[in-house]
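The chain contents come next:
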Amino acid sequence: MKNVIWVCLILSVLAAFGYFLMGAGIIHAANLTLDDAPPGFTWIAGAFYVIAGLLLLLKKRWIHTAFAVINVLVVAVFIFMWAGRTDVLFSTPGLMTKIPQILLEIGLIYWLVKSKPSAKTVPAK
């Protein structure tokens, strides 16, 4: 299970890297500019993915669960927001952030299903 955590951390950092590249203005989704997003959004999103990825190393079940829920919401909102704009969905930034995020979600769910809850969370008989 240790390898799953490390793969999830790497995927989280890859997603963050995509957000940082958008924040620096190096890559753009179709004809969108940073003027279309709240100020600092990409930097905050990138920082979130780096910090959340590092928190995975603590191997706390609640952290993995929270990260899985937040991550699936991020992906779902992106897909629903841009469903009519395939130029945004399949742009370099879209793919550069969403592919690692989807793989990260799979890894988090796998870890949550396969890992055993700690003795503290198992109800007493």
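What comes next concerns the included structure. All values reported here derive from a predicted model rather than from experimental measurement. (Residues numbered from 1 in each chain as written. Predicted model: local features only at pLDDT ≥ 70, side-chain atom pairs only at ≥ 80, totals over all residues. Heavy atoms only, no water.)

Taking 1.5 Å as the rise per residue, helix α5 (residues 92–114) with 23 residues should run 33 Å; its terminal C-alpha atoms sit 33 Å apart, in good agreement. Along α5, the residues that are buried comprise Pro93, Gly94, Thr97, Lys98, Pro100, Gln101, Leu104, Glu105, Gly107, Leu108, Trp111 and Leu112. Here the buried face of α5 lies against α1 (2–23), α2 (41–55), α3 (61–81) and α4 (86–89). (Helix = DSSP H or I, 4+ residues; strand = E, 2+ residues; numbered from the N terminus. Expected span 1.5 Å × (residues − 1). Buried < 20%, exposed > 50% of the residue type's maximum accessible area, 1.4 Å probe, protein only. Contact = heavy atoms within 4.5 Å.)

Inspection of the secondary structure assignment puts His64 in helix α3. At 2.8 Å, the side chain of His64 and the backbone oxygen of Lys60 are in polar contact. (Polar contact = N/O pair within 3.5 Å; in protein donor to acceptor, adjacent residues only side chain to side chain.)

Applying the stated criterion to the full structure yields six aromatic pairs. With 6.0 Å between their ring centres and 20° between their planes, Tyr19 and Tyr49 make a pair best called stacked. In this pair, Tyr19 sits in helix α1 while Tyr49 sits in helix α2, placing the two residues 30 residues apart along the sequence. On the basis of relative accessible area, Tyr19 is assigned to the buried category, the value being 5%. Its relative accessible area of 2% is what places Tyr49 among the buried residues. Through successive ring pairs, a cluster of aromatic residues spans Tyr19, Phe41, Phe48, Tyr49 and Phe67. Lying across the ring of Phe78, Lys98 places its NZ or CZ 4.5 Å from the centre. (Phe/Tyr/Trp six-rings, centres within 6.5 Å; stacked < 30°, edge-to-face > 60°. Lys NZ or Arg CZ within 6 Å of the ring centre and 35° of its normal.)

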